[in-house]
Amino acid sequence: MSKFRTHTCGELNIKSKNTNVSISGWLNKKRDHGNLLFLDLRDNYGITQCVIDKESKSFKDLEKIPLETVLKINGTVLQRSDETVNKDLSTGEIEVKINSHEILGLTKELPLPVFTDQEYSEEIRLKYRFLDLRRKKIHKNIILRSKIISFIRMEMEKMGFLEFQTPILTSSSPEGARDFLVPSRLNPGKFYALPQAPQQFKQLIMVSGFDKYFQIAPCFRDEDARADRSPGEFYQLDIEMSFVDQNDVFNVIEKLMTKVFTKFSTKKMLYEKFPRIKYSEALKTYGSDKPDLRNPLKIYDLTDVFTRDDVKFEIFKKLLKKGSIVRGIVTKQTIDQPRSFFDNIDKWAKSEGASGLAYFSIEKDKNISGKGPIGKFFSENALKEIMEISSAEIGDSIFLACGPIKEVEKILSLARDKLAKDLNLIDENTFAFCWIVDYPMFEEDDQTKKIKFSHNPFSMPQGDINNLNLSKPLDIKAYQYDIVCNGIELSSGAIRNHIPDLMYKLFKVAGYEKKEVDIKFSGMINALSYGAPPHGGIAPGIDRIVMLLAGEKNIREVTMFPMNQNAQDLMMNAPSEVDQNQLKELNIEIKKK
RNA sequence: GGGGGUGUAGCUCAGUUGGUUAGAGCACGUGCCUGUCACGCACGGGGCCGAGGGUUCGAGUCCCUUCACUCCCGCCA
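In this text, all values refer to a predicted model and were calculated from it rather than measured experimentally.

Definitions and cut-offs
Residues numbered from 1 in each chain as written. Chains lettered and ligands numbered in written order. Predicted model: local features only at pLDDT ≥ 70, side-chain atom pairs only at ≥ 80, totals over all residues. Heavy atoms only, no water. Near = heavy atom within 4 Å. Polar contact = N/O pair within 3.5 Å; in protein donor to acceptor, adjacent residues only side chain to side chain. Helix = DSSP H or I, 4+ residues; strand = E, 2+ residues; numbered from the N terminus. Phe/Tyr/Trp six-rings, centres within 6.5 Å; stacked < 30°, edge-to-face > 60°. Buried < 20%, exposed > 50% of the residue type's maximum accessible area, 1.4 Å probe, protein only. Pairing = 2+ DSSP bridges. Contact = heavy atoms within 4.5 Å. Axes fitted to C-alpha atoms, helices over the stretch in contact; angles between N-to-C directions. Left-handed = near helix turned anticlockwise from the far one by under 90°. Nonpolar A, V, L, I, M, F, W, Y, C, P; charged D, E, K, R; others polar. Core = buried A, V, L, I, M, F, W, Y, C linked by side-chain atoms within 4.5 Å. Salt bridge = Lys/Arg side-chain N within 4 Å of Asp/Glu carboxyl O.

Chemist: I would appreciate a short explanation of the protein's contact with RNA strand B in the present structure.
Modeler: Near RNA strand B, the surroundings consist of 50 residues, among which Asp32, Asn35, Gln118, His455 and Asn566 are the closest. Interatomic distance of 2.6 Å between a side-chain N/O atom of glutamate 95 and a base nitrogen of RNA strand B. A distance of 2.6 Å separates a sugar or linking oxygen of RNA strand B from a polar side-chain atom of glutamate 223. Listing elements by their share of the surface near RNA strand B, those giving two or more residues are β1 (20-32), β2 (36-43) and α2 (122-127). Looking at the surface near RNA strand B, the element that brings in the most residues is β1, giving four residues.

Here it is in C-alpha cells:
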C-alpha cells in the first residue's frame, strides 16, 4: 500500500462504503458552510468530495487552506443521501468524511485559477503551463494524445512495421525549410542541423534491408508559427516501406487512419476509401491542394463566358485581354439573402487583399435574368451558359473573381471556406479525408523564375523513366501525394527515386551539378548506388491528428509544453543567452547590433 | 519582413461624447451560515489603465512611437 493513498480520487464508489481510506490530491474547490466544510480533492483520475464538520480537529486548519494545496486526507467513505448524489462525478455517490489530514505541498497565490473552464491569455498559460495542464480540458487532451500514440504504435507493429530511432544531430540539407543549427565543439566552424524530418535516414533504413519502418519522430523546422503549426518542433508518424507502389502506401494509411479516427472519435468518417484528387484538379475545383471536402461548394471556370459579345462587364473583359481568368463559386438558393450578406463577402474579400468579389443571383420572371450589382451585364444566353458550366439554378448566386490564375485560386479557396461558414454548410460531425495525387516534380520560382523541386527532390517521377522529357520539366509529374482531412494537410509522402542516375538528371534540372549532389546528399546517393530497393512512404503529423480528434483549432491545445509564436518557451526561458566560456569553446562570437 | 486584433486588480472582463474618488465576477483576507457541489450572505485589502511622448484646463478614452500576446500573409522540399 502506498504511503500516500489507498485509492485515487476517481476510484471510490459505493462498494467501499464505511471503509477507512486515504486519498491524496489537489484542493480543487472549497465550499465553506461555517459549521460544515466541503473539500473537492482532485488528482489525475477524478474528483472526490470530502466533508468535515466543526467538531473535528482538522476543521480550523482545512477551512483556511487555499485552493491547489496538495493534501492527504484520511477518512471514512460514506454513502450520500439520495438528494445529495452528484451525477456529474464518477465518485458522486459517496463522500469521504475526514478524520485527519496532512499537507503535502503548499501553494503561493495562484496566477491562474485551475477549477474553471474559462479562457486565459496565452502568455499566462504558457508561463505557468504546469498549472494550465492541471485544468480539465487540456489535461484530457494530453492524455488523449498519449493514448493515440500508443494505439498507433500497436497498430503499426501489428502491420509488421519496426520502430527505429534516427539521429537528432545530423547535417544541414539545402532544400526545404530553414534548419536549426547546432555548432560543433570538436569541429570548429562546422554545424550540425536538427532534422526537418528523418527523410534520408528512413530511406537508408530501406536500403539497409529492414523493409518496413516507422517512428514517432521529432521534426525541427525554423519557420514561423501558425495556429496549426508549432514553431520549432513537431512530431510525425514517419513511415517507409520497401517494394511498394503508391497504392500499397495508401492502403496502409487508409486502414490506420480509419482505425484511429473511429476509435478516438464518435464523428463519422465521410469516406472509407479516401477520394483521390489530382493536384491540378484540386487547384481548379477548390483553389487549394488541401480542400475541406465537408464543404460542398465548388469553383467553376467561367473565363469563356466573358469572351461573349453579349456579356458587357467591361472591367473583367479588359483584364481578360491581359491574361486574367474568371472563376466563380455558386451558392444554392441564396437570392433572398439580405444585401448585407453579399456586401460582407465583398468587404471580407477586400480585407484578404483581393480586389473584391463580384456577385449576382439568377432569377426568372418571364426570362432568366441576373439580379444584383453586376446582374445587368449578362444576356439571357450568357446566363444559360453560366448555368450549364456551373450547374447553377434559378435562385442561386454566383461569386466571381478575376485576375491572374494564382490570385484567383487563392481568394476563391478562402471564399469557399468563408461562404460555407457563413451559410453553415459544414457538418462538424464528420471527418472528410482525401488524397491529393500527381504533384508536379518541378515548379518555377515566382521571384527567380528558376526551376526548383516543387515538393521533394527524392520523389520518383512518373512516366517512362528511361525517356523522360527533361526539356519540359514543368510537365513531369511525380509519385508524390498528400493526405488531407477537413482542410488540414496531415502529411505528404512519395514513392522515392532509388535510381542514382535518374536522381542526378533531376537534380541537374533544379540547378545542382553532380559534384554538388555528391557532397550535399552524400549519405543517400552513395547508398542508392549499392543496390537500393524500390521504396516509398509518408509521414502524417501526430499533432494535427490529435488536434482533429480532440476537436481543437490550435496545436498548443494538444502540446504539453509548446513555445509561443516567437519560438520562446516562457516557462523555461528559452532561448537564452549563454556563458562566454560556452561560446569560446564553440568558436562563436556574437555580433552586436 | 508585412497586415489585423487584444493589452484596465492575481485571473476573466466592463468602462458611454475626453470630465468628480476607475468598476464587476472569480481568487485572496475577516465575519456569519450543517448538505453544498460555480454553495450563499456581509465587509475588506488589492490599480504605473502595457511603456514612452504629444494634444488638452482635463486623457483609461484622442494622436504618434514602442513593447508584449495572438490571428493571418510571406515562409513551411
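Chemist: Which parts of the structure should I look at to understand the packing of aromatic side chains?
Modeler: Two aromatic rings, taken as a pair, are described by how far apart their centres are and by the angle between their planes. Evaluation of the coordinates by the stated rule reveals 27 aromatic pairs. Ring geometry for phenylalanine 274 and tryptophan 435: centres 6.4 Å apart, planes at 35 degrees, overall tilted. Residue phenylalanine 274 is found in the loop between β11 (268-269) and β12 (276-278), and its partner tryptophan 435 is found in strand β19 (residues 433-437); the two are separated by 161 residues along the sequence. Here phenylalanine 274 falls in the buried class, since its relative accessible area comes to 2%. Here tryptophan 435 falls in the buried class, since its relative accessible area comes to 0%. What links up through ring pairs into an aromatic cluster is the set Phe250, Phe261, Phe274, Phe431, Phe433, Trp435 and Tyr481.

Chemist: I would appreciate a short explanation of the sheet that holds strand β10 (residues 232-242) in the present structure.
Modeler: One key point about sheets: their strands pair by backbone hydrogen bonds, in either a parallel or an antiparallel sense. Ordered in space as β6-β9-β10-β24-β23-β22-β19-β12, the eight strands form an open sheet in which the pairing is mixed. Sheet topology places β6 (162-163) and β12 at the edges, where each strand pairs with a single neighbour. Summarising the sheet, β10 and strand β24 (residues 535-538) pair through four bridges and their orientation is antiparallel. Bridge pairing in β24 links isoleucine 239 to isoleucine 538. The strands touched by helix α5 (residues 199-207) within the sheet are β9 (212-221), β10 and β24, with β10 carrying the most contacts at an inclination of about 20 degrees.

Chemist: What is the right way to look at the packing of helix α6 (residues 246-264) against helix α15 (residues 542-550) in this model?
Modeler: Axis angle and axis distance: for two packed helices, these are the angle between their axes and the distance between the axes, and together they describe the pair. Put simply, α6 and α15 touch, their axes get as near as 10 Å, and they point 35 degrees apart. α15 is crossed by α6, and the crossing has right-handed handedness. Here Met257, Val260, Phe261 and Phe264 of α6 come into contact with α15, specifically with Ile545, Leu548 and Leu549. Partitioned by chemical class, the residues of the contact of α6 with α15 number seven nonpolar, no polar and no charged.

Chemist: What exactly am I supposed to notice about the nonpolar core here?
Modeler: Nonpolar side chains tend to gather and get buried jointly when the protein is soluble and globular. Residues Val260, Phe261 and Phe433 are the most contacted members of the largest nonpolar core, which totals 65 residues. Element by element, the count of residues in this core is highest for α6, at nine residues. Setting aside residues up to four positions removed in sequence, phenylalanine 261 forms contacts with Met269, Phe431, Phe433, Cys485, Ile545, Leu548 and Leu549. Counting residues in hydrophobic clusters, the runner-up holds 23 residues, among them Ala382, Leu383, Met387 and Leu400.

Chemist: Teacher, can you tell me more about the pattern of salt bridges here?
Modeler: Where charged atoms of side chains with opposite charge meet at close range, the side chains can pair. Tallying each qualifying case throughout the model produces 35 salt bridges. Between glutamate 163 and arginine 153 there is a salt bridge; the shortest N-O distance is 2.8 Å. With glutamate 163 in strand β6 and arginine 153 in helix α4 (residues 136-158), the pair connects residues that are 10 residues apart, well separated along the chain. Residue glutamate 163 is classed as partly exposed on the basis of its relative accessible area of 25%. The class for arginine 153 is partly exposed, based on a relative accessible area of 31%. Two residues, glutamate 223 and arginine 178, come together in a salt bridge whose shortest N-O distance is 3.4 Å. Linking glutamate 223 in the loop between β9 and β10 with arginine 178 in the loop between β6 and β7 (181-183), this pair joins segments that are 45 residues apart in sequence.

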